[in-house]
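These are the residues of each chain, in order.
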There are 6 protein chains.
Amino acid sequence: MPIVTIQVTREGTAPGASSTTREQKAALIKGASELLRDVLGKPMESTFVVIEEVDTENWGWGGLPVKLAAARSG
Amino acid sequence: MPIVTIQVTREGTAPGASSTTREQKAALIKGASELLRDVLGKPMESTFVVIEEVDTENWGWGGLPVKLAAARSG
Amino acid sequence: MPIVTIQVTREGTAPGASSTTREQKAALIKGASELLRDVLGKPMESTFVVIEEVDTENWGWGGLPVKLAAARSG
Amino acid sequence: MPIVTIQVTREGTAPGASSTTREQKAALIKGASELLRDVLGKPMESTFVVIEEVDTENWGWGGLPVKLAAARSG
Amino acid sequence: MPIVTIQVTREGTAPGASSTTREQKAALIKGASELLRDVLGKPMESTFVVIEEVDTENWGWGGLPVKLAAARSG
Amino acid sequence: MPIVTIQVTREGTAPGASSTTREQKAALIKGASELLRDVLGKPMESTFVVIEEVDTENWGWGGLPVKLAAARSG
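Residues numbered from 1 in each chain as written. Chains lettered and ligands numbered in written order. Predicted model: local features only at pLDDT ≥ 70, side-chain atom pairs only at ≥ 80, totals over all residues. Heavy atoms only, no water.

K.L.:
Quick one: what's the story with the UniProt feature "domain: 4-oxalocrotonate tautomerase-like" (unreviewed entry) in chain A, residue by residue and with numbers?
P.N.:
Under the feature "domain: 4-oxalocrotonate tautomerase-like" (unreviewed entry), the UniProt entry names residues 2-67 of chain A. Spanning residues 2-67 of chain A, this segment combines 32% helix with 29% strand, and its end C-alpha atoms are found 32 Å apart. (UniProt positions renumbered as here; feature names shortened; annotations may be inferred. Helix = DSSP H or I, 4+ residues; strand = E, 2+ residues; numbered from the N terminus.)

K.L.:
Give me the lowdown on the relation of the copies chain B and chain A, citing residues and values where you can.
P.N.:
Two copies of the chain are present, and they differ by a rotation about an axis and a shift along that axis. Each copy of the sequence occupies a distinct position, and chain B is placed on chain A by a rotation of 120° and an axial shift of 0.0 Å, giving an RMSD of 0.0 Å. Overall, the copies show the geometry of a three-fold rotation axis. Closest to the rotation axis within chain B is the C-alpha of B:Glu52, separated from it by 5.8 Å. Here only 8% of the contact residues of chain B are again contact residues in chain A; the copies associate through non-equivalent surfaces. (Least-squares fit on C-alpha atoms with pLDDT ≥ 70 in both. Contact = heavy atoms within 4.5 Å.)

K.L.:
Lay out the sheet that holds strand S2 (residues 48-54) of chain C in plain terms, naming residues and giving numbers.
P.N.:
If you trace the 8 strands from one edge of the open sheet to the other, you get S4(D)-S3(D)-S2(B)-S1(B)-S1(C)-S2(C)-S3(E)-S4(E), paired in mixed fashion. If you trace the sheet from one side to the other, it starts and ends with strand S4 (64-65) of chain D together with strand S4 (64-65) of chain E, each paired once. Where strand S2 (residues 48-54) of chain B lies against strand S3 (residues 59-61) of chain D, 3 bridges are found, and the strand directions are antiparallel. Across the sheet, B:Phe48 pairs through a bridge with D:Trp61, a residue of S3(D). (Pairing = 2+ DSSP bridges.)

K.L.:
Provide a residue-level description of helix H1 (residues 22-40) of chain A, including the pertinent values.
P.N.:
Residues spaced three or four apart along an α-helix point in a common direction, a consequence of the helix completing one turn every 3.6 residues. For H1(A), built from 19 residues, the straight-helix expectation of 27 Å at 1.5 Å per residue is met to within 8% by its first-to-last C-alpha distance of 27 Å. The elements touched by buried residues of H1(A) are strand S1 (3-9) and strand S2 (48-54) of chain A, strand S3 (59-61) and strand S4 (64-65) of chain B together with strand S1 (3-9) and helix H1 (22-40) of chain E. Taken from the residues just after H1(A), A:Gly41 is the one with a positive phi, measuring 70°. (Expected span 1.5 Å × (residues − 1).)

K.L.:
Tell me about the pairing of strand S2 (residues 48-54) of chain F, residues and numbers included.
P.N.:
All names here are of chain F. Here S2 lies mainly inside the structure; 7 of its 7 residues are buried. Every second residue of S2 is oriented toward a common face, with Phe48, Val50, Glu52 and Val54 on one face and Val49, Ile51 and Glu53 on the other, all of them buried. Note that the unit made of strand S1 (residues 3-9), helix H1 (residues 22-40) and S2 has a crossover that is right-handed. (Buried < 20%, exposed > 50% of the residue type's maximum accessible area, 1.4 Å probe, protein only. Right-handed = clockwise from strand over helix to strand, strands pointing away.)

K.L.:
Could you give an account of the relation of the copies chain E and chain A, naming the residues involved and the relevant values?
P.N.:
The transform that puts chain E on chain A rotates by 180° and translates by 0.0 Å along the axis, for an RMSD of 0.0 Å. Here the copies are linked by what is in effect a two-fold axis. By C-alpha distance to the rotation axis, the residue of chain E lying nearest is E:Thr5, at 2.5 Å. When the interface residues of chain E are mapped onto chain A, 100% of them are again interface residues, pointing to one common binding face.

K.L.:
Provide a residue-level description of the sheet that holds strand S4 (residues 64-65) of chain C, including the pertinent values.
P.N.:
Pairing is mixed in the open sheet, where 8 strands are placed in the order S4(A)-S3(A)-S2(D)-S1(D)-S1(F)-S2(F)-S3(C)-S4(C). Two strands lie at the open edges of the sheet, namely strand S4 (64-65) of chain A together with S4 of chain C, each paired on one side alone. Summarising the sheet, strand S1 (residues 3-9) of chain D and S1(F) pair through 5 bridges and their orientation is antiparallel. If you follow D:Thr5 over to S1(F), its bridge partner there is F:Thr5. Sheet contacts for helix H1 (residues 22-40) of chain D: strand S3 (59-61) and S4 of chain A, S1 and strand S2 (48-54) of chain D together with S1 of chain F; angle to S2(D), the most-contacted strand, approximately 135°. Strand contacts of H1(F): strand S3 (59-61) and S4 of chain C, S1 of chain D together with S1 and S2 of chain F, with the helix running at about 135° to S2(F), the strand carrying the most contacts. (Axes fitted to C-alpha atoms, helices over the stretch in contact; angles between N-to-C directions.)

K.L.:
Talk me through the interface of chain E and chain A; I want residue IDs and the actual numbers.
P.N.:
Listed per partner, the contact involves 25 residues of chain E and 25 residues of chain A. Across the chain E/chain A interface, buried area totals approximately 2,200 Å², and carbon plus sulfur atoms make up 72% of it. Linking chain E with chain A are 2 salt bridges, by the criterion used here. One salt bridge in this structure joins A:Glu11 and E:Lys42, with 4.0 Å as the shortest N-O distance. (Buried area = accessible area lost by both parts, 1.4 Å probe. Salt bridge = Lys/Arg side-chain N within 4 Å of Asp/Glu carboxyl O.)

K.L.:
Before we move on, can you summarise the interface of chain B and chain A with the specific residues and values?
P.N.:
Contact residues are listed per partner, giving 12 residues for chain B and 15 residues for chain A. Between chain B and chain A, roughly 1,200 Å² of surface is buried when both sides are summed, and carbon and sulfur atoms account for 52% of that area. Contact with chain A buries area across many residues of chain B, yet B:Glu57, B:Asn58 and B:Gly63 alone supply 45% of it, more than any other trio. Taken together, the connections running from chain B to chain A amount to 2 salt bridges. Of the charged contacts, one joins B:Glu57 and A:Lys25 as a salt bridge, the two residues approaching to 2.7 Å between their closest N and O atoms. When residues of the side of chain B that touches chain A are traced back to their parent elements, those giving at least two are S2, S3 and S4 of chain B. Partitioned by chemical class, the residues of the side of chain B that touches chain A number 5 nonpolar, 5 polar and 2 charged. (Nonpolar A, V, L, I, M, F, W, Y, C, P; charged D, E, K, R; others polar.)

K.L.:
Give me the lowdown on the packing of aromatic side chains, citing residues and values where you can.
P.N.:
The description of two aromatic rings rests on the distance between their centres and on the angle between their planes. All chains considered together, the criterion is met by 9 aromatic pairs over all chains. Ring geometry for A:Phe48 versus C:Phe48: centroids 4.1 Å apart, planes at 20°, classification stacked. With A:Phe48 in strand S2 and C:Phe48 in strand S2, this pair bridges two chains. An angle of 70° between the planes, with centres 5.9 Å apart, marks the rings of A:Trp59 and D:Phe48 as edge-to-face. Taken as a pair, A:Trp59 in strand S3 and D:Phe48 in strand S2 lie in two separate chains rather than in one. In this structure, A:Trp59 and D:Phe48 share a single accessibility class: buried. Among the aromatic residues, those joined into a ring-pair cluster are A:Phe48, B:Trp59, C:Phe48 and E:Trp59. (Phe/Tyr/Trp six-rings, centres within 6.5 Å; stacked < 30°, edge-to-face > 60°.)

K.L.:
Provide a residue-level description of the side chain of F:Lys42, including the pertinent values.
P.N.:
Mapped onto the elements, F:Lys42 comes out in the loop between H1 and S2. Here F:Lys42 falls in the buried class, since its relative accessible area comes to 10%. Excluding residues that lie within four positions of it along the chain, F:Lys42 makes contacts with D:Thr9, D:Glu11, D:Thr13, F:Met1, F:Pro2, F:Leu36, F:Arg37 and F:Thr47.

K.L.:
Give a detailed account of the pairing of S1(F), specifying residues and quantitative values.
P.N.:
Residue and element names in this part refer to chain F. Most of S1 sits inside the fold, with 7 of its 7 residues counted as buried. Residues Ile3, Thr5, Gln7 and Thr9 point to one face of S1 and Val4, Ile6 and Val8 to the other, with burial holding for every one of them. Pairing analysis gives 7 bridges linking S1 to S2, with the strands arranged parallel. When the bridges of S2 are listed, Val4 appears paired with Val49.

The following block contains the structure:
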């Protein structure tokens with residue numbers, strides 16, 4: 001019965017994408033479920049995976065919104 | 001001072017609705033608050049209820065996005 | 001596939017109990033699952049309920065740990 | 001490595017704003033990171049801050065959606 | 001900057017263990033970080049993984065605490 | 001009605017402490033509530049603060065449990 005929650009910033013990492021693509025989300029869901037199966041023996045259909053996309057201005061690191069933090073740490 | 005967080009997929013369950021309706025949300029808030037009052041004696045005004053709606057492609061079960069999982073388990 | 005997370009302070013509300021009892025937890029689980037069934041039509045076996053008990057010194061309200069806040073608002 | 005999650009209703013508190021402004025979010029990120037630095041000595045760049053904005057109809061208090069609850073408690 | 005939160009019931013899945021072992025936790029941390037690296041290109045050192053162990057009486061499924069639910073669905 | 005959740009590893013940062021002290025928790029609660037008051041004008045008594053302490057073996061960074069990660073990055 002595991003629950004895996006994946007929080008990521010709402011930005012693209014695939015060419016031309018402005019946020020996580022449908023295919024990437026499916027890969028995250030598959031990978032997270034397989035991880036719980038392989039490490040803890042949890043059946044695939046007993047695992048929930050929830051992906052939360054967070055606007056970059058809503059995510060802070062180093063006391064700054066991530067885009068500013070990334071620019072500063074160049 | 002309880003906090004009840006209800007995570008559901010962003011899909012309609014009422015006729016013609018494409019997501020949880022305002023009335024359904026009010027019923028969830030009322031029901032969750034009454035549950036904490038009836039079981040633990042918590043005053044209604046001491047309970048926070050937060051409803052999080054998650055896009056279906058962001059929710060996985062059985063290693064698949066829920067829509068695919070539901071189709072497969074038809 | 002709903003997930004209901006119930007966060008409560010680790011204190012007793014039943015006579016002689018120092019925290020939420022097993023019976024109260026079962027009632028919270030039953031009530032929350034029935035709420036999602038009755039309001040959104042979600043099958044009971046599709047709902048996860050997670051209860052998080054939080055030490056009172058880890059819960060703040062009004063800028064104070066809850067025990068102090070409760071004492072102050074007498 | 002702290003994580004600070006700030007959940008607020010999606011409503012404006014600055015003049016003319018309909019939700020939390022970019023500047024307010026930056027101030028929340030800065031303040032939360034400094035708080036963990038000042039109280040627990042955590043380096044600024046070790047702290048993640050995540051701001052979650054919740055629609056007012058998705059937030060309940062006193063058994064009612066917050067806008068109704070606020071109107072009722074005038 | 002992803003955050004992966006893994007919630008599991010506090011029970012053993014390795015021989016003789018009564019809860020998730022240190023080695024299993026390390027494997028979950030490694031696997032989750034690698035998943036975000038492989039799917040979204042996130043550097044390993046930019047990912048936080050948090051494992052939450054939940055007592056079985058605090059986890060409900062099908063309207064019952066999981067141990068009862070498992071016994072019933074034998 | 002903000003909720004501020006502060007997740008920290010269960011380790012001491014005050015002399016002789018093995019985890020976050022009662023005084024530090026009170027300071028975190030006060031500081032977080034004041035932050036929401038000062039930035040968003042939220043009344044102190046409308047803010048919940050929840051502190052979650054996580055065992056170090058349950059927190060990962062860089063693909064490793066934090067204690068190993070810290071040792072490795074010296």
